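Results of the structural survey
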Amino acid sequence: MKKIILLGYMGCGKSTIANKLSKNIEIPFVDLDKKIEEKVNLSINDIFEKHGEIYFRKLEHEVFIELLNSPDSLIIGLGGGTPCYANNHELLKGDNVVSVYLKASIETLFNRLAHNKSKRPLIADKSDEEMKEFIAKHLFDRSFYYNHAQHKVIVDDKTIDQTVMDIVTILA
Ligand SMILES: Nc1ncnc2c1ncn2[C@@H]1O[C@H](COP(=O)(O)OP(=O)(O)O)[C@@H](O)[C@H]1O
Ligand SMILES: O=C(O)C1=C[C@@H](OP(=O)(O)O)[C@@H](O)[C@H](O)C1
Ligand SMILES: [Mg+2]
């Protein structure tokens with residue numbers, strides 16, 4: 001069955017958009033980070049703190065594969081780093097997969113993340129100044145992987161509903 005995959009940098013809106021899209025097209029939404037948290041009964045912050053990022057990336061790959069192999073149609077909201085590890089980017093073009101990169105500018109990402117960083121271990125301790133530079137470099141490194149998505153939607157200056165409608169158009 002069909003898997004609709006939303007990907008993109010932290011704060012681009014994957015979880016928010018997937019949730020709304022799910023209500024609109026009546027396909028269930030699974031957030032990969034939430035599935036990982038449920039599987040090991042730890043928050044993302046605790047996984048990074050107690051076991052480190054490499055352990056998280058292994059778990060992330062395993063749970064992503066499990067979701068792709070599930071018999072149901074699903075909307076899957078990835079974590080920002082998912083396509084960039086364990087050759088996960090190659091899974092973005094698989095059979096029955098529709099992958100959409102939610103592309104946001106550094107400015108949009110900074111504005112959305114500035115008040116929303118405590119649950120994101122990669123940026124939780126950064127000052128505003130450090131964060132701007134980090135996002136710019138990190139996004140540059142990761143764009144190669146994000147660009148493996150089949151579709152791209154620019155999310156800057158769009159409401160949640162506008163972005164959802166852009167995706168509905170892609171799916172039509
Ligand atoms: N137009 C918009 N589209 C998506 N998210 C938005 C928008 N405007 C503000 N936001 C906020 O930006 C944040 C995006 O976070 P989230 O959905 O968790 O992103 P991700 O899962 O990609 O890290 C949320 O706090 C959301 O409310
Ligand atoms: O970009 C990343 O490497 C990460 C993004 C997070 O997901 P969101 O993009 O939903 O914040 C989460 O998977 C973890 O903190 C690592
Ligand atoms: Mg998310």
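For the structure, check the block above.
Residues numbered from 1 in each chain as written. Chains lettered and ligands numbered in written order. Predicted model: local features only at pLDDT ≥ 70, side-chain atom pairs only at ≥ 80, totals over all residues. Heavy atoms only, no water.

**Here we look at the packing of aromatic side chains**
Applying the stated rule across the entire model yields 3 aromatic pairs. Ring plane angle 40 degrees and centroid distance 4.9 Å describe the contact between Phe48 and Phe56, whose orientation is recorded as tilted. With relative accessibility at 3%, the residue Phe56 sits in the buried group. With centroids separated by 5.1 Å and ring planes inclined at 40 degrees, the aromatic side chains of Tyr101 and Tyr146 adopt a geometry described as tilted. One end of the pair, Tyr101, is in strand β4 (residues 97-103); the other, Tyr146, is in helix α6 (residues 128-146), with 45 residues separating them in the sequence. This pair shows no difference in class: Tyr101 is buried, exactly as Tyr146 is. Its end group placed over the ring of Phe134, Lys126 keeps NZ or CZ at 4.7 Å from the ring centre. (Phe/Tyr/Trp six-rings, centres within 6.5 Å; stacked < 30°, edge-to-face > 60°. Buried < 20%, exposed > 50% of the residue type's maximum accessible area, 1.4 Å probe, protein only. Helix = DSSP H or I, 4+ residues; strand = E, 2+ residues; numbered from the N terminus. Lys NZ or Arg CZ within 6 Å of the ring centre and 35° of its normal.)

**A few points about the layout of surface pockets**
Taken as a whole, the largest pocket spans an internal volume of roughly 880 Å³. What lines the largest pocket is a set of 40 residues, and nearest its centre among them are Gly11, Ser15, Asp31, Asp33 and Arg120. Ranked by residue count, the leading element in the lining of the largest pocket is helix α1 (residues 14-25), at 5 residues. If you go around the second largest pocket, the residues you meet are Met1, Lys3, Ile65, Leu68, Asn69, Leu91, Gly94, Asp95, Asn96 and Val97. (1 Å grid on protein atoms, 1.4 Å probe; cavity = no way out; pocket = protein on both sides within 12 Å on 5 of 7 lines; lining within 4 Å. Points joined across faces, edges and corners; volume = space filled by probe spheres on them.)

**Describing the site of ligand 2**
Taken together, 13 residues are adjacent to ligand 2, and Lys14, Asp33, Arg57, Arg120 and Arg142 come closest. In the model, an oxygen atom of ligand 2 is placed 2.7 Å from a nitrogen or oxygen of the Asp33 side chain. Here Gly80 contributes a backbone N or O atom positioned 2.8 Å from an oxygen atom of ligand 2. In isolation ligand 2 has 390 Å² of accessible area, and contact with the protein removes 96% of it. One can see that ligand 2 is located within the largest pocket. Tallied by class, residues from the shell around ligand 2 come to 5 nonpolar, 3 polar and 5 charged. (Near = heavy atom within 4 Å. Polar contact = N/O pair within 3.5 Å; in protein donor to acceptor, adjacent residues only side chain to side chain. Areas by Shrake-Rupley, 256 points an atom, 1.4 Å probe, with all protein chains shown as cover. Sits in = over half its atoms within 2 Å of the grid points. Nonpolar A, V, L, I, M, F, W, Y, C, P; charged D, E, K, R; others polar.)

**A word on the site of ligand 1**
Around ligand 1 sit 15 residues, and of these Gly11, Lys14, Thr16, Arg120 and Lys158 come closest. Here an oxygen atom of ligand 1 sits 2.4 Å away from a polar atom, N or O, in the side chain of Thr16. Arg120 places a side-chain nitrogen or oxygen 2.7 Å from an oxygen atom of ligand 1. Computed on the free molecule, ligand 1 has an accessible area of 570 Å², of which 73% lies beneath the protein chains in the complex.

**Observations regarding the pattern of salt bridges**
With the rule as written, the count across this model stands at 6 salt bridges. Residues Glu53 and Arg57 are paired through a salt bridge, measuring 2.9 Å at the closest nitrogen-oxygen approach. Linking Glu53 with Arg57, this pair stays in helix α4 (residues 53-69), spanning 4 residues, or about one helical turn. Overall, the relative accessible area of 28% leaves Glu53 in the partly exposed class. Given the relative accessible area of 9%, Arg57 is considered buried. Here Lys158 ties to Asp166 by a salt bridge, and the two come within 2.8 Å at their closest N and O atoms. Exposure remark for Lys158: the relative accessible area of 29% places this residue in the partly exposed category. Each of the salt bridges in this network shares a partner with another, and the network as a whole consists of Glu53, Arg57 and Glu60. (Salt bridge = Lys/Arg side-chain N within 4 Å of Asp/Glu carboxyl O.)

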